[in-house]
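Architecture and fold: a report
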Amino acid sequence: MKSIVVANWKMNPATFKEAKKLFEATRKAAESAKNVAIVVAPPAIFLRELSVGYKGKRLSFAVQNAHYEAGGAFTGEVSMSEARDAKCSSVIIGHAERRGMGESNEDTRKKVAVALAIGLTPVLCVGERTRSQSGEHFEFVREQLVAGFADVPPAKIPRVVIAYEPVWAIGAERPMNARDMHEMAIFIRKTIVDRYGQGGMNLKILYGGSIDESNAGEMMRNGDVNGLLVGRVSTDAAKFTALVSVLDAL
Ligand code: PGA
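Residues numbered from 1 in each chain as written. Predicted model: local features only at pLDDT ≥ 70, side-chain atom pairs only at ≥ 80, totals over all residues. Heavy atoms only, no water.

**Quick word on the overall build of the protein**
For the protein, the helix and strand inventory stands at nine helices and eight strands. Computed over the C-alpha atoms, the radius of gyration of the protein is 17 Å, within 12% of the 18 Å expected from 2.2 N^0.38 for a compact globule of 250 residues. C-alpha extents for the protein along the principal axes are approximately 50 × 45 × 30 Å. If you take every contact in the protein between residues at least 6 apart in sequence, the share linking residues at least 24 apart comes to 71%. (Helix = DSSP H or I, 4+ residues; strand = E, 2+ residues; numbered from the N terminus. Rg over C-alpha atoms; globule rule 2.2 N^0.38 Å. Contact = heavy atoms within 4.5 Å.)

**Side note on the site of the ligand**
In the vicinity of the ligand lie 13 residues, with Lys10, Glu165, Gly171, Ser210 and Arg232 positioned nearest. Glu165 is positioned with one of its side-chain polar atoms (N or O) 2.8 Å from an oxygen atom of the ligand. Within the backbone of Gly231, one N or O atom sits 2.9 Å away from an oxygen atom of the ligand. Burial of the ligand by the protein chains amounts to 99% of its free accessible area of 290 Å². In terms of residue class, the shell around the ligand is made up of three nonpolar, six polar and four charged. (Near = heavy atom within 4 Å. Polar contact = N/O pair within 3.5 Å; in protein donor to acceptor, adjacent residues only side chain to side chain. Areas by Shrake-Rupley, 256 points an atom, 1.4 Å probe, with all protein chains shown as cover. Nonpolar A, V, L, I, M, F, W, Y, C, P; charged D, E, K, R; others polar.)

**Thoughts on the packing of helix H1 (residues 16–31) against helix H2 (residues 44–53)**
Relative orientation of the contacting elements H1 and H2 amounts to 50°, with a least axis distance of 11 Å. In terms of orientation, H1 lies oblique with respect to H2. You can see that H1 and H2 cross each other, and the crossing is right-handed. Between H1 and H2, the residues in contact are Phe16, Ala19, Lys20 and Phe23 and Phe46, Glu49 and Leu50, respectively. Tallied by class, residues from the contact of H1 with H2 come to five nonpolar, no polar and two charged. (Axes fitted to C-alpha atoms, helices over the stretch in contact; angles between N-to-C directions. Parallel < 35°, antiparallel > 145°, perpendicular 65-115°, else oblique. Left-handed = near helix turned anticlockwise from the far one by under 90°.)

**Concerning the environment of Leu50**
For Leu50, the position within the fold is in helix H2. Between the alpha carbons of Leu50 and Val91 there is a distance of 16 Å; along the sequence they are 41 residues apart. For Leu50, the residues in contact, after removing those within four places along its chain, are Trp9, Phe16, Ala19, Lys20, Phe23, Pro42 and Phe61.

**A closer look at the pairing of strand E1 (residues 3–8)**
Residues in a regular strand point their side chains to alternate faces of the sheet. The element E1 is extensively covered by neighbouring structure, given that six of its six residues are classed as buried. Side chains Ser3, Val5 and Ala7 of E1 all project onto a buried face; the interleaved residues Ile4, Val6 and Asn8 project onto the opposite face, where all are buried too. The pairing of E1 with strand E2 (residues 36–41) spans six bridges and is classified as parallel. Paired with Val5 across the bridge in E2 is Ile38. Considered for its hand, the β-α-β crossover made up of E1, H1 and E2 is right-handed. The pairing of E1 with strand E8 (residues 227–230) spans four bridges and is parallel. For Val5, the partnering residue across the bridge sits in E8 and is Leu228. (Buried < 20%, exposed > 50% of the residue type's maximum accessible area, 1.4 Å probe, protein only. Pairing = 2+ DSSP bridges. Right-handed = clockwise from strand over helix to strand, strands pointing away.)

**Regarding the pattern of salt bridges**
This model, assessed by the stated rule, comprises 14 salt bridges. Of the charged contacts in the structure, one is a salt bridge between Arg48 and Asp85, with a shortest N-O distance of 3.2 Å. In this pair, Arg48 is assigned in helix H2 and Asp85 in helix H3 (residues 80–85), connecting sequence segments 37 residues apart. When the shortest N-O distance is used, the salt bridge between Glu103 and Lys111 registers 3.2 Å. (Salt bridge = Lys/Arg side-chain N within 4 Å of Asp/Glu carboxyl O.)

And the structure:
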């Protein structure tokens, strides 16, 4: 199965000129990597122009956030149908940085359901802020998962992609240990299966947090994940190209 790489550009780069250059490098990396499915998530204001200009099939687009309402008085927001109209096929939901700005489990519950209903793939981000010996982080992640999936029809469970991103490993020096990720992947599937049924066995799980070309292979081999969500490295053309070729060679 192809590895998935979500390139989360966050609020970068500063100009559309730079965005076009970065996209060109991303497109090249995607086109030379048959075994990797790349999902690019540029800032919403750049997205449409990049996506309509792209004629290939190797990569797809995601919006970094979208509102659950179909339209109306929500200044500064983008709707899921607007994202779909801009040729997005996925939407990132509940990224740690958005949760930090106030997005709640209740918001993610609504967003995941709306995304599925209109045909976007929800990439639901979960992850604890800190870890403790007593394992409270498992309970924290369980609550995020239970809420996020609460309105998902059983048949659609496998269409949700989970991005597990421990907040302490985002923007950090190194990622989580791959064996700990493996343990978390088992926990994530078990949580969904126990609560919502067998569809949980077929979930795709990504890891995110300080992934680069030097640690991506180890995470893919031993982390029990289907792919990676990449922040900083996705806006560095050379490093991103190196990362994609590591995954392509697995
Ligand atoms: P990072 O970000 O790769 O820069 O750690 C990951 C993320 O926040 O998605």
